[in-house]
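Secondary and tertiary structure notes
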Amino acid sequence: MKTYKMVCLDIDGTLLSSRHEITEHTKQVIRKVVNEKQIPVILVSARMPKGILFLQKELNIVQPIICYSGALIWNHGDQRLSITIPVSKVKMVYTIVKRLGIHISLYKDDEWFIEELDEWAKQESEITKITPSIADFSNLFLIWEQNNTGANKILCMADFDRIQKLDAKLKQHLSTHLNVYPSKSTYLEIMSKHATKTSGIEYLCKEFGIQRSEIIAIGDNFNDTNMIEFAGLGIAMGNAPIQVKEIADDITLSNDQDGVAEALKKYLLS
């Protein structure tokens, strides 16, 4: 059997069931991989640190986490890597979003900023179990300009038609600077062009002294395709879109059928 030395797991739609929970069976399998095989399991997500750390605690694993789809690597409270969207580009996105009447959330380090607690923010807060900070964005932009920084991630939420319009506009005007992709039909995630899940994994490969051929990566959505293709073994979830399944080396069961646990048992515990 081929030797693998690192597992990289997407969270939403992969590690978590459709009820946004890690099943007991999946927890047990991951703990066996970590404790018996001594293989690090890295959580890789578009989420902020707060939205990942409580899941890591549930799993009883202690490793760096890759946040904001590679824009931030967080290790025991310390930043190892931080890639931000320049505030000039954040303001351009903000202008387009407000014209379309779409919700916008800004993420920096381990903070989530909103202008008001609307229904979209309430929904995301319930899913992630995180309370956002209400902020005056004009003041926030001024502070970021003074510190020569910006947001690690922008999240836009609206009905499908508006998200489609926004996606098209951003790709038309800002595609050379930003990675833009829908994580749900009503969610649009925006990061720096320099930030990908693969760039975060490459950073940790150097730190752990691991080759890409020794990595298993498991994901379910379009923003997972780069890490699935990069890894020595790229696995798509059974609930993934057909385009994601087509580029994977293997397809496991869905997130409601313990697909992560089944893949890890097949390749690491059999």
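Residues numbered from 1 in each chain as written. Predicted model: local features only at pLDDT ≥ 70, side-chain atom pairs only at ≥ 80, totals over all residues. Heavy atoms only, no water.

**Brief notes about the packing of helix α2 (residues 24–35) against helix α11 (residues 259–269)**
The description of two helices packed together rests on the angle between their axes and the distance between the axes. The line we're drawing: Simply put, an axis is a line fit to the C-alpha atoms, just over the touching stretch for a helix, and the angle between two N-to-C directions goes from 0 to 180 degrees. A run of DSSP states H or I qualifies as a helix once it reaches four residues; a run of E qualifies as a strand once it reaches two. Both are numbered from the N-terminal end. Should an angle fall under 35 degrees it is taken as roughly parallel, and over 145 as roughly antiparallel, whereas 65 to 115 is taken as roughly perpendicular and any remaining angle as oblique. Should the near helix be turned counterclockwise from the far one by less than a right angle, the crossing is left-handed, whereas a clockwise turn marks it as right-handed. The criterion used for residue contact is that any of the two residues' heavy atoms lie within 4.5 Å.
At a closest axis distance of 9 Å, the pairing of α2 and α11 adopts a crossing angle of 30°. Here α2 is positioned roughly parallel relative to α11, judged by the angle of their axes. Here the hand of the crossing between α2 and α11 comes out left-handed. Side by side, α2 and α11 meet where His25, Thr26, Val29, Ile30, Lys32 and Val33 of the first sit next to Val260, Ala261, Glu262, Leu264, Lys265, Leu268 and Leu269 of the second.

**Some details on the sheet that holds strand β3 (residues 65–67)**
To keep it simple, the criterion reads: For two strands to count as paired, DSSP must find a minimum of two bridges between them.
Strand order across the open sheet formed by three strands is β3-β4-β5, with antiparallel pairing between neighbours. The open sheet has two edge strands with one neighbour each: β3 and β5 (78–82). Adjacent strand axes in the sheet meet at a mean angle of 25°, parallel and antiparallel pairs treated alike. Here strand β4 (residues 72–75) runs beside β5; their pairing, made up of four bridges, is antiparallel. Pairing of Trp74 across the sheet is with Gln79, part of β5. Helix-sheet contacts for helix α3 (residues 50–59) involve β3 and β4, and the interaxial angle to β3 is about 155°.

**Quick look at the sheet that holds strand β16 (residues 250–251)**
The five strands lie next to each other as β2-β1-β14-β15-β16, forming an open sheet whose pairing is parallel. A strand with exactly one partner marks an edge of an open sheet, and here the two such strands are β2 (41–43) and β16. Sheet topology note: the strand β14 (residues 215–219)/strand β15 (residues 233–236) ladder contains four bridges and is parallel. Within β15, the residue paired with Ala217 across the bridge is Gly234. Along the sheet face, α11 touches β1 (6–9), β14, β15 and β16 and points at about 160° away from the line of β14.

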